[in-house]
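# Remarks on the overall topology
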Amino acid sequence: MHGAGDGHDGSDGTAGSDSLGDLTRAHARRRLHELRTELSVGQVELNEAEHRERDLRETLLRISGAIQVLEELLAEPVPGHAATPPEERLLEGAGP
């Protein structure tokens, strides 16, 4: 620890005295390290979330394509059967 009159206690205004005391500077350095660590962890998590988002978008696109194909298949008339629009097929099963 620095003693009185050694230029570090801020009493004489010489080099080594600044607006932060030794303990406060140590605390600031610790906090800076903590924040840099948090930033690094946050960046990794953000990259992982972006990767999951990309995968989910691709999955949703595949599902959407499958739905479209099935809807088109269901819209085609079946040979030997009268073509009935999907809305009417739903009503046929509803009864009077």
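Reading the values: rules and limits
- Residues numbered from 1 in each chain as written.
- Predicted model: local features only at pLDDT ≥ 70, side-chain atom pairs only at ≥ 80, totals over all residues.
- Heavy atoms only, no water.
- Helix = DSSP H or I, 4+ residues; strand = E, 2+ residues; numbered from the N terminus.
- Buried < 20%, exposed > 50% of the residue type's maximum accessible area, 1.4 Å probe, protein only.
- Areas by Shrake-Rupley, 256 points an atom, 1.4 Å probe, with all protein chains shown as cover.
- Salt bridge = Lys/Arg side-chain N within 4 Å of Asp/Glu carboxyl O.
- Patch = residues over 30% accessible without salt bridge, like charges linked within 9 Å, V, L, I, M, F, W, Y side chains within 5 Å.

Turning next to the overall build of the chain. Per the secondary structure count, the chain includes two helices and zero strands. Counting across all 96 residues of the chain, residues that qualify as buried make up 2%. Carbon together with sulfur atoms contributes 60% to the accessible area of the chain, which is approximately 8500 Å² in total.

Moving on: the pattern of salt bridges. Taken as a whole and judged by the stated rule, the model has three salt bridges. Between glutamate 38 and arginine 31 there is a salt bridge, with its nearest N and O atoms 3.7 Å apart. What makes glutamate 38 partly exposed here is its relative accessible area of 49%. Arginine 57 is the partner of glutamate 53 in a salt bridge, and the nearest nitrogen-oxygen pair spans 3.0 Å. Of this pair, glutamate 53 and arginine 57 are both found in helix 1 (residues 22-75), four residues apart, which corresponds to roughly one turn of the helix. On the accessibility criterion, arginine 57 (55% relative accessible area) is exposed.

So, about a nonpolar patch on the surface. On the surface, Leu56, Leu60, Ile63 and Ile67 cluster together into a nonpolar patch covering about 370 Å² of accessible area. The residue isoleucine 67 is located in helix 1 in this model. Look at isoleucine 67 and you get partly exposed, because its relative accessible area is 43%.

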